[in-house]
Amino acid sequence: MKKIIYILAIVLFSSEINAQNIADALRYSNYKINGTARSVAMGNAFGGLGGDFSSLSINPAGLGLYRSNEFVFTPNIGKSNADASYIGSSASDSKYNFSLNNVGYVATIQPNNTGESGLVSLSFGVGFNRVNDFSMNMLAAGKNASNSILTNFTNYVNDQYLSVDDFDPFYEALAYPTGLIGYDEDNDEFYNDLTDNGYGQSQRESTSRKGYTNEYVFSLAANFNHKLYIGATLGVQDLYYKEETDLYEYDANNDIPYFNSLNFLTYSKTTGTGYNFKIGVIYKPINELRLGIALHTPTFYDLHNEYQNKMLSNMTLNNGAKDYSSTSPYGEYDYHLNTPLRTVFSAAYVVGKKGLISIDYELVDYSTSKLRDGGENYDFTDENDEINEVYKTVGNLHIGGEYRLTDNFSLRAGYEKYPSPYKSKAFDADQPNSDADYSSVSAGFGYKEGNFFLDMAYKHGTNKEYSTLYDGSEFAKYDIKNNNVILTLGFKF
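Here's a quick rundown of the structure. (Residues numbered from 1 in each chain as written. Predicted model: local features only at pLDDT ≥ 70, side-chain atom pairs only at ≥ 80, totals over all residues. Heavy atoms only, no water.)

**A few points about the overall build of the protein**
Point 1. Check the secondary structure of the protein and you find seven helices and 23 strands.
Point 2. Here the C-alpha coordinates of the protein stretch approximately 95 × 45 × 35 Å along the principal axes.
Point 3. Evaluated residue by residue, the protein yields a buried proportion of 54% over its 493 residues.
Point 4. Sequence-distant contacts in the protein: of pairs separated by 6 or more residues, those separated by 24 or more amount to 73%.
Point 5. Working note: accessible area of the protein is about 20800 Å², and carbon and sulfur atoms make up 53% of it.
Point 6. Side chains of the protein carry 38 positive and 59 negative charges; the gap between the two charge centres is 15 Å. (Helix = DSSP H or I, 4+ residues; strand = E, 2+ residues; numbered from the N terminus. Buried < 20%, exposed > 50% of the residue type's maximum accessible area, 1.4 Å probe, protein only. Contact = heavy atoms within 4.5 Å. Areas by Shrake-Rupley, 256 points an atom, 1.4 Å probe, with all protein chains shown as cover. Lys, Arg positive; Asp, Glu negative; His and termini not counted. Charge placed at Lys NZ, Arg CZ, Asp CG, Glu CD.)

Structure below.
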């Protein structure tokens, strides 16, 4: 049972920051593309539609629908809000984020001027699309807690019969020199003042996440008879993720002798590069209908993790209230991650010269994510078994539409649905995050004049997340909202 609780605490996004765990595997595998404003406004449903730079990361055959050269770039401003409930109390935090969703260049040529039959054109594309944005601030706070992170520390060292010299330098070893863990020689055990006095302290945890995954794309596509389009993309992913947490426990009512407050601070940064390959086909059985299918290989990541913890305390001892601090060593770890294979099925229907509707359905089996090649030949067998137990196959849905009001002005709307990748149960225990779906609605417009075009989109996304502040704490529930305004400027030539 203890192992089950520990595993689920990690699965539910607790900050075990100096270990590569199954939460990392999901975080770096769960893509939500942020490309051009046109694509975002239409729910990123461009697997069958094509003709947009975002399609190079969805179905590269869409590159074949270009008729000319193009350059695009897309700035984005967003705000995330996280409303938390924890032990009957509420808290909230937010964060603004400025980023660049994509930059892209497409060149289209007609080999040997073959005209409108056979091989009509070849298109080349290079640039990047953002496929993940991790930026977010979160805050959870509650009063009258019935346990503490110190409970975990003292229970662990007593259960394992550890001496101070054997304490984990990232956890228990930080609590001992700060006076948060003491040793009772009469009973030959370690103790802490919160547990001994029945708790009752207040708790607050702040989390700051920063980072992104940018996919640099190198794509080629061919147009045959304006009916069959075949394309391929080599994707090179640049990953950056940083998370800092501050768990603050304090005796607001001055009920606990000796103990006044503690801060347990964690820092973790992961960087790395990954490679994948995408191949896709679009076929037009009739001029109005486009059917597409694309296959994405796993992304093969080479990752580097850096981490450090720190503990602060304020204790009232014989010489009065005094501050103490202790910092862990600086840790580093290299490992590999293979994300799941993806299949994208698409259909788009064009209504004359006025409108269109497009649908993408993406199948992803998150249980096939694999952690690989850890330090000292560590093979992550247990973690990969846990990934298979906890995660499942999902179908991500993208729907978008566009209506052309005039030759120069169009309106767009879209919807996305990402079901939770968690099974309802794992290790015979319920998983609260099994209903943590993500969905978004979006709208926008496009304007073109000559060789210049401008697209704008607004996107509102919602999801929820359950997590523990530390192993054994009650769950905090976060209701998360993301609002983004995206602008694409483009030139055809």
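**Some remarks on a nonpolar patch on the surface**
Point 1. Nonpolar side chains collect at one region of the surface, where Phe71, Tyr105, Val126, Tyr216, Phe218, Leu234, Phe277, Ile279, Leu295, Leu341, Phe491 and Phe493 lie side by side and expose about 1000 Å² of accessible area between them.
Point 2. Mapped onto the nonpolar patch, the elements with two or more residues apiece are strand 7 (202-224) and strand 9 (259-286).
Point 3. Within the element layout of this structure, Leu295 appears in strand 10 (residues 289-296). (Patch = residues over 30% accessible without salt bridge, like charges linked within 9 Å, V, L, I, M, F, W, Y side chains within 5 Å. Salt bridge = Lys/Arg side-chain N within 4 Å of Asp/Glu carboxyl O.)

**Some details on the pairing of strand 21 (residues 438-449)**
Point 1. Summarising the sheet, strand 18 (residues 409-418) and strand 21 pair through ten bridges and their orientation is antiparallel. Bridge pairing in strand 21 places Tyr415 opposite Val441.
Point 2. In this structure, strand 21 lies alongside strand 22 (residues 452-468), joined through twelve bridges in antiparallel fashion. Bridge pairing links Val441 to His460 in strand 22. (Pairing = 2+ DSSP bridges.)

**Quick notes on the packing of aromatic side chains**
Remark: the centre distance and the inter-plane angle together describe each pair of aromatic rings, the angle taken between the planes.
Point 1. Evaluated as defined, the whole model comprises 23 aromatic pairs.
Point 2. Plain terms: the ring middles of Phe128 and Tyr216 are 5.5 Å apart, the flat faces sit at 45° to each other, and that makes the pair tilted. Within this pair, whereas Phe128 is found in strand 3 (residues 119-133), its partner Tyr216 is found in strand 7, the two being separated by 88 residues in sequence.
Point 3. Looking at Phe128, the relative accessible area reads 11%, which means it is buried.
Point 4. On the basis of an interplanar angle of 15° and a centroid distance of 4.6 Å, the ring pair of Tyr248 and Tyr250 is categorised as stacked.
Point 5. Judged by relative accessible area, Tyr250 falls into the partly exposed class, the value being 22%.
Point 6. One aromatic cluster in this structure is built from Phe167, Tyr176, Tyr183 and Phe190.
Point 7. Of note, Lys32 hangs over the ring of Tyr438, and the distance from its end group to the ring centre comes to 5.1 Å. (Phe/Tyr/Trp six-rings, centres within 6.5 Å; stacked < 30°, edge-to-face > 60°. Lys NZ or Arg CZ within 6 Å of the ring centre and 35° of its normal.)

**Section: the nonpolar core**
Point 1. Tyr28, Ile149, Leu150, Phe153, Leu180, Phe264 and Tyr391 are the most contacted members of the largest nonpolar core, which has 67 residues in total.
Point 2. The element best represented in this core is strand 11 (residues 300-317), accounting for five residues.
Point 3. With residues near it in sequence (within four places) discarded, Tyr391 still touches Ile22, Ala23, Leu26, Tyr366, Ser367, Pro421, Tyr422 and Lys423.
Point 4. In terms of nonpolar packing, the next biggest core, distinct from the first, is built from nine residues, Phe53, Leu56, Val217 and Phe453 among them. (Core = buried A, V, L, I, M, F, W, Y, C linked by side-chain atoms within 4.5 Å.)

**Some thoughts on helix 7 (residues 381-390)**
Point 1. Restricting attention to buried positions, one finds in helix 7 the residues Glu383, Asn384, Glu386, Ile387 and Val390. One side of helix 7 holds all its buried residues, which, seen down the axis, span an arc of 155°. (Arc of directions from axis to C-beta.)

**Observations concerning the side chain of Ser148**
Point 1. Looking at the secondary structure, you find Ser148 in the loop between strand 4 (136-142) and helix 4 (149-159).
Point 2. Among the residues examined, Ser148 registers a relative accessible area of 0% and is labelled buried.
Point 3. Within the local environment of Ser148, its side chain forms a polar contact with the backbone nitrogen of Leu150, the two atoms lying 3.0 Å apart.
Point 4. When sequence neighbours within four positions are dropped, the list of residues in contact with Ser148 reads Leu194, Tyr199, Gln201, Gln203, Glu249 and Tyr470. (Polar contact = N/O pair within 3.5 Å; in protein donor to acceptor, adjacent residues only side chain to side chain.)

**Here's the deal with helix 4**
Point 1. Those residues of helix 4 not exposed but buried are Ile149, Leu150, Thr151, Phe153, Thr154 and Val157.
Point 2. The inward-facing, buried residues of helix 4 contact helix 5 (172-175), strand 6 (189-191), helix 6 (193-196), strand 8 (228-250), strand 9 and strand 11.
Point 3. Looking at where helix 4 begins, the residue whose side-chain oxygen comes 3.0 Å from the main-chain nitrogen of Leu150 is Ser148.
Point 4. A positive phi of about 55° marks Tyr161, the residue just after helix 4.

**Section: unusual backbone geometry**
Point 1. You will see that Tyr161, though not glycine, has its phi angle at about 55°, which is positive.
Point 2. Examined against the element boundaries, Tyr161 turns out to sit in the loop between helix 4 and helix 5.
Point 3. When its relative accessible area of 76% is taken as the criterion, Tyr161 is described as exposed.
Point 4. With a phi close to 55°, Glu376 is a non-glycine residue in the positive phi region.
Point 5. Within the secondary structure, Glu376 is located in the loop between strand 16 (370-372) and helix 7.

**Comments concerning the pattern of salt bridges**
Point 1. If you walk through the whole model with that rule in mind, you get 14 salt bridges.
Point 2. Two residues, Lys464 and Asp435, come together in a salt bridge whose shortest N-O distance is 3.3 Å. Of this pair, Lys464 sits in strand 22 while Asp435 sits in the loop between strand 20 (429-430) and strand 21; the two residues are 29 residues apart in sequence, bridging distant segments of the chain.
Point 3. Residue classification places Lys464 among the partly exposed positions, given a relative accessible area of 22%.
Point 4. The class of Asp435 is partly exposed, set by a relative accessible area of 38%.
Point 5. One continuous salt-bridge network, built from bridges that share partners, spans Arg38, Glu402, Arg412 and Asp455.

Interpretation note: all reported values are geometric properties and have no functional meaning in isolation.
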